[in-house]
Amino acid sequence: MARRLSPWRWAVLGLAALYFLVPLAASVVFTVDVPGQGVTFDAYAQIFSTAGFGSSLLLSLELAAATIAVVLLLMVPATVALRLGAARLRPVVEVVCSLPLVVPPIAFVAGIVTVLKWGPDHLSRTPLFQTFVAIQNPSFPVVLVLAYVVMALPFVYRALDAGLRAIDVRTLVEAARSCGAGWPQALVRAVLPNLRGALLNASFLTLALVLGEFTVAQLLGFQPFAVWIVTVSGSNAQLSVAVSVLSLLVTWVLLLALAGVGGRSRTTASRG
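Remember, it's a predicted structure, so these values are computed and weren't measured experimentally. (Residues numbered from 1 in each chain as written. Predicted model: local features only at pLDDT ≥ 70, side-chain atom pairs only at ≥ 80, totals over all residues. Heavy atoms only, no water.)

Novice: Pulling in residues and values, what's your account of the pattern of salt bridges?
Specialist: All chains considered together, the criterion is met by two salt bridges. Arg-165 is paired through a salt bridge with Asp-161; the nearest N and O atoms lie 2.8 Å apart. Remark: Asp-161 and Arg-165 occur in helix α7 (residues 142-165); sequence separation between them is four residues, near one turn of the helix. Judged by relative accessible area, which is 52%, Arg-165 ranks as exposed. Take Asp-161: its relative accessible area is 7%, and that puts it in the buried class. A single network of salt bridges, built from pairs that share partners, joins Arg-90, Asp-161 and Arg-165. (Salt bridge = Lys/Arg side-chain N within 4 Å of Asp/Glu carboxyl O. Helix = DSSP H or I, 4+ residues; strand = E, 2+ residues; numbered from the N terminus. Buried < 20%, exposed > 50% of the residue type's maximum accessible area, 1.4 Å probe, protein only.)

This is how it looks when you write it as structure tokens:
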């Protein structure tokens, strides 16, 4: 049966490869084939010298790191608690974490803008007014981190839930507690090492979300990497496509590295 299905598998893989590689190849050809000049890599050489490239990329990486830290600090204890003794709340948590997939980004941003406008109008004479100003600091907009945390909830929850289903959380925690460990120590030393693959998956999905998100940042008036790419495309199409190709290749490298780390962790666990 496996031999009979093998050609079909290769056919599906071939079609998937064509679906992804043909547009990528066309994009690369567009960036290097300049009419009247032949093949040139000037578009890629201009990436690092273009104004805003370094600052926008650094901002996106900072936002991604903060978003990953916040969403994992929220979801890891919550998902572990669901596995240990709060199973009745699982449907509620699943619905709450799935809402970002249902609410359109435009409606989500409209709600954020309404709150940001309401705050200064009604809290101008209170200490909270400075909070509304601080979270909109262009050098590091905390409001984007909060928005990205909400948008990443569906992916992080599914990744962590799949990882927790593969291990016996209750036995690990009880064993750690019987050895004298407290709840935080049991979570860090007994549960988290067995969730390495799930944590990496959740982190990568969040990183990809932050690096590629455009709507929320654009409508709120900030310029991370995705917004910068669209801004550059208005003046230099080849440069914007070259940046997109480069960012896509970096994302693939991260995915391959994640797969390699996950594979090594599973091999080490099986040997142990």
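Anyway, onward from the coordinates.
Novice: Tell me about the packing of helix α4 (residues 90-102) against α7, and please be specific about residues and values.
Specialist: As a packed pair, α4 and α7 sit with axes 6 Å apart at the nearest point and diverge in direction by 140°. Viewed along their axes, α4 and α7 adopt a mutual orientation that is oblique. Note on packing geometry: the crossing formed by α4 with α7 is left-handed. Only Val-150, Met-151, Leu-153, Pro-154, Phe-155, Tyr-157, Arg-158, Asp-161 and Arg-165 of α7 make contact with α4, whose side of the interface consists of Arg-90, Val-93, Glu-94, Cys-97, Ser-98, Pro-100 and Leu-101. The residue makeup of the contact of α4 with α7, split by class, is 10 nonpolar, one polar and five charged. (Axes fitted to C-alpha atoms, helices over the stretch in contact; angles between N-to-C directions. Parallel < 35°, antiparallel > 145°, perpendicular 65-115°, else oblique. Left-handed = near helix turned anticlockwise from the far one by under 90°. Contact = heavy atoms within 4.5 Å. Nonpolar A, V, L, I, M, F, W, Y, C, P; charged D, E, K, R; others polar.)

Novice: How would you explain the side chain of Glu-213 if you had to name every residue and give the values?
Specialist: Position of Glu-213 relative to the elements: it lies in the loop between α10 (196-212) and α11 (215-220). No salt bridge forms around the buried Glu-213; measuring N to O, its nearest opposite-charge neighbour Lys-117 is 18 Å away. At 2.9 Å, the side chain of Glu-213 and the backbone nitrogen of Thr-215 are in polar contact. Not counting chain neighbours up to four residues away, the residues in contact with Glu-213 comprise Tyr-148, Met-151 and Ala-226. (Lys, Arg positive; Asp, Glu negative; His and termini not counted. Polar contact = N/O pair within 3.5 Å; in protein donor to acceptor, adjacent residues only side chain to side chain.)

Novice: Would you mind going over the side chain of Thr-31 in detail, with residue names and values included?
Specialist: Here Thr-31 is to be found in helix α1 (residues 2-32). Judged by relative accessible area, which is 1%, Thr-31 ranks as buried. A distance of 2.6 Å separates a polar side-chain atom of Thr-31 from the backbone oxygen of Val-28. Here Thr-31 is in contact with Thr-40, Ala-43, Tyr-44, Gln-238, Val-241 and Ala-242, once residues within four sequence places are set aside.

Novice: Run through a nonpolar patch on the surface, naming residues and quoting values.
Specialist: Where nonpolar side chains cluster on the molecular surface, the patch consists of Val-95, Leu-99, Leu-101, Val-102, Val-103, Phe-155 and Leu-205 and spans about 620 Å² of accessible area. No other element matches α4, which puts four residues into the nonpolar patch. Tracing the backbone shows Leu-205 in helix α10. Judged by its relative accessible area of 36%, Leu-205 falls in the partly exposed class. (Patch = residues over 30% accessible without salt bridge, like charges linked within 9 Å, V, L, I, M, F, W, Y side chains within 5 Å. Areas by Shrake-Rupley, 256 points an atom, 1.4 Å probe, with all protein chains shown as cover.)

Novice: A description of the environment of Ile-106 should follow, citing residues and the corresponding values.
Specialist: Tracing the backbone through its elements, the reader meets Ile-106 in helix α5 (residues 105-122). Ile-106 gets classed as exposed once you look at its relative accessible area, which sits at 54%. Once the C-alpha coordinates of Ile-106 and Ala-16 are considered, the two residues, 90 residues apart in sequence, prove to be 31 Å apart. Those residues in contact with Ile-106, other than ones at most four positions away along the chain, are Thr-215 and Leu-219.

No statement about biological role is implied by the geometric values presented.
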